[in-house]
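Residue-level listing of the chains:
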Amino acid sequence: MKKSKYAQWALGCTAIWLASQALAQTTAVAPAVRSAPPMAAQADPHAIRVLLSPELETVLASQMLGRIATLNVGLGTRVAKGRTLLSFDCSEANARLRMAQAEYANAKETQDVKERLRKLDAAGDSEVMLARTQADRARAAIALTEVQMGQCVVKAPFSGHIVKLHVKPAQGVNVGVPLLEMVSDGPLKLRLNVPSRWLHALKNGTTFEVVIDETRKTYPAKVTAINARVDAVAQTIEMEARIDGQHPELLAGMSGVARFPGLQ
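The rules behind each value
Residues numbered from 1 in each chain as written. Predicted model: local features only at pLDDT ≥ 70, side-chain atom pairs only at ≥ 80, totals over all residues. Heavy atoms only, no water. Helix = DSSP H or I, 4+ residues; strand = E, 2+ residues; numbered from the N terminus. Buried < 20%, exposed > 50% of the residue type's maximum accessible area, 1.4 Å probe, protein only. Areas by Shrake-Rupley, 256 points an atom, 1.4 Å probe, with all protein chains shown as cover. Pairing = 2+ DSSP bridges. Core = buried A, V, L, I, M, F, W, Y, C linked by side-chain atoms within 4.5 Å. Contact = heavy atoms within 4.5 Å. 1 Å grid on protein atoms, 1.4 Å probe; cavity = no way out; pocket = protein on both sides within 12 Å on 5 of 7 lines; lining within 4 Å. Points joined across faces, edges and corners; volume = space filled by probe spheres on them. Nonpolar A, V, L, I, M, F, W, Y, C, P; charged D, E, K, R; others polar.

Undergrad: Which residues make up the overall build of the protein, and what values go with them?
TA: Looking only at helices and strands, the protein has three helices and 14 strands in total. A total of 264 residues make up the protein; the buried ones form 27% of that total. Approximately 17200 Å² of the protein is accessible, and the part contributed by carbon and sulfur atoms is 57%.

Undergrad: Could you give an account of the pairing of strand β12 (residues 217–231), with specific residues and numbers?
TA: Note: strand β11 (residues 207–212) against β12, six bridges, orientation antiparallel. Of the residues in β12, the one forming a bridge with Val210 is Tyr219. Where β11 hands over to β12, the hairpin turn is made up of four residues, of which Arg216 adopts a positive phi near 60 degrees. Where β12 hands over to strand β13 (residues 236–243), the hairpin turn is made up of four residues, of which Gln235 adopts a positive phi near 55 degrees.

Undergrad: An account of the nonpolar core is needed here, citing residue identities and associated values.
TA: Counting 24 residues, the largest nonpolar core has Leu190, Leu192, Val194, Phe208, Val210 and Phe260 as the members making the most contacts within it. Listed by contribution, the elements that provide at least two residues to this core are β1 (48–53), β10 (189–195), β11, β12 and β13. Counting residues per element, this core draws most heavily on β13, at four residues. When near neighbours in sequence (up to four residues on either side) are disregarded, Phe208 contacts Leu190, Tyr219, Pro220, Ala221, Lys222, Val223, Ala241, Ala258, Arg259 and Phe260. Core analysis: the next-biggest nonpolar cluster, separate from the first, contains 20 residues, Val79, Val154, Ile162 and Leu179 among them.

Undergrad: Outline the layout of surface pockets, listing residues and values.
TA: In this structure, the largest pocket encloses a volume near 430 Å³. If you trace the largest pocket, you find 18 residues lining it, with Gly186, Leu188, His247, Leu250 and Leu251 closest to the centre. Contributions of two or more residues to the lining of the largest pocket are made by β7 (160–165) and β9 (178–184). Class assignment for the residues of the lining of the largest pocket results in ten nonpolar, six polar and two charged.

Undergrad: Could you give an account of unusual backbone geometry, with specific residues and numbers?
TA: You will see that Ala170, though not glycine, has its phi angle at about 75 degrees, which is positive. Mapped onto the elements of the fold, Ala170 is located in the loop between β7 and β8 (172–173). With phi around 55 degrees, Gln235 is a residue other than glycine that occupies positive phi space. Secondary-structure assignment places Gln235 in the loop between β12 and β13.

Undergrad: An account of the sheet that holds strand β6 (residues 153–155) is requested, with residue identities and associated values reported.
TA: Sheet strands pair via backbone hydrogen bonds, and the direction of the pair is either parallel or antiparallel. Pairing is antiparallel in the open sheet, where four strands are placed in the order β6-β5-β3-β8. The sheet terminates laterally at β6 and β8, the two strands that pair on one side only. The pairing of strand β5 (residues 84–88) with β6 spans three bridges and is antiparallel. By the bridge assignment, Ser87 is partnered in β6 with Val153.

Undergrad: Run through the side chain of Ser255, naming residues and quoting values.
TA: Residue placement: Ser255 occurs in strand β14 (residues 255–259). Classification of Ser255 as buried rests on a relative accessible area of 18%. Apart from the residues lying within four places of it in its own chain, the contact partners of Ser255 are Arg49, Val50, Leu51, Ile212, Asp213 and Glu214.

The following block contains the structure:
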C-alpha cells in the first residue's frame, strides 16, 4: 500500500515537472515570434526611397483685409490658369473707386479752366501747375484703387488641382493669411537622395526602375537633374528624375523605392 502511494506521488511530480518545462519553452519562444519582422517589411539595403512631387506648387495668401464673398473651388478641383478661385467682398473698394473718379473729374475740369485762363493771361503759371498736380494726384488715386480692386479676386496662377482649402465663404481674413494650396498638372518628378559614391556612374539620362508603394507597380524612370553639392554628413547627393510615359494613377505625395541595377 505504501509503495502504491509512493508510485502515485512520483508520477504526479514527474507530470508537474514535465508541464513546467513545456510552459517554460513556450514562454521563451513566444517573444521571438512576435518581434520577428515579416519578410515584406524587411528593408532592402540597396533600395533608395523616392517621393513624387509636382512641377509647381504654391500657397495662395490674402493680399488684403476683407471677407470672403464667394469660393468657387473645392478639394481636388481641377482649375485652368486664370480661373477665378475666390473673391472678396469689395463694396468699400468700389465706393473708393467711384470717389476717386469723381475727384479726378473735378480736378481735370479745374485744370482745363486754368489752362484756358492762362491763354487769356487771366491765370498765372503757378495756378496752372497746381491744377495739373491736383489732376495727376486724383488720377494716381484711381490707379491705386484699381490695384486694390484687383486683389479682390484670386485667380489660378497655373493649371492644376486644389489640394487644400484654408478658408470658407463669409470668413474674414487678414493680410497674409493662407487661402488655398494648389499643385500643377503634368508629369510628376521624383525626388531622391543617393549615395555620393555612385556619382561616377550617374548622369542626366541614367535609367532606373521605381516601385511605387501605393500602386504596387514598377515604372521606368530617368535622371533629369543632379545637385551640385554633396551632403558631407550623410554622404548623399540629391537628384530629380521623371517617370517615362503618362500614368494617371500617380499622385503627388506618393512614395516608393528606386533601384539602380549594378550600383550598391
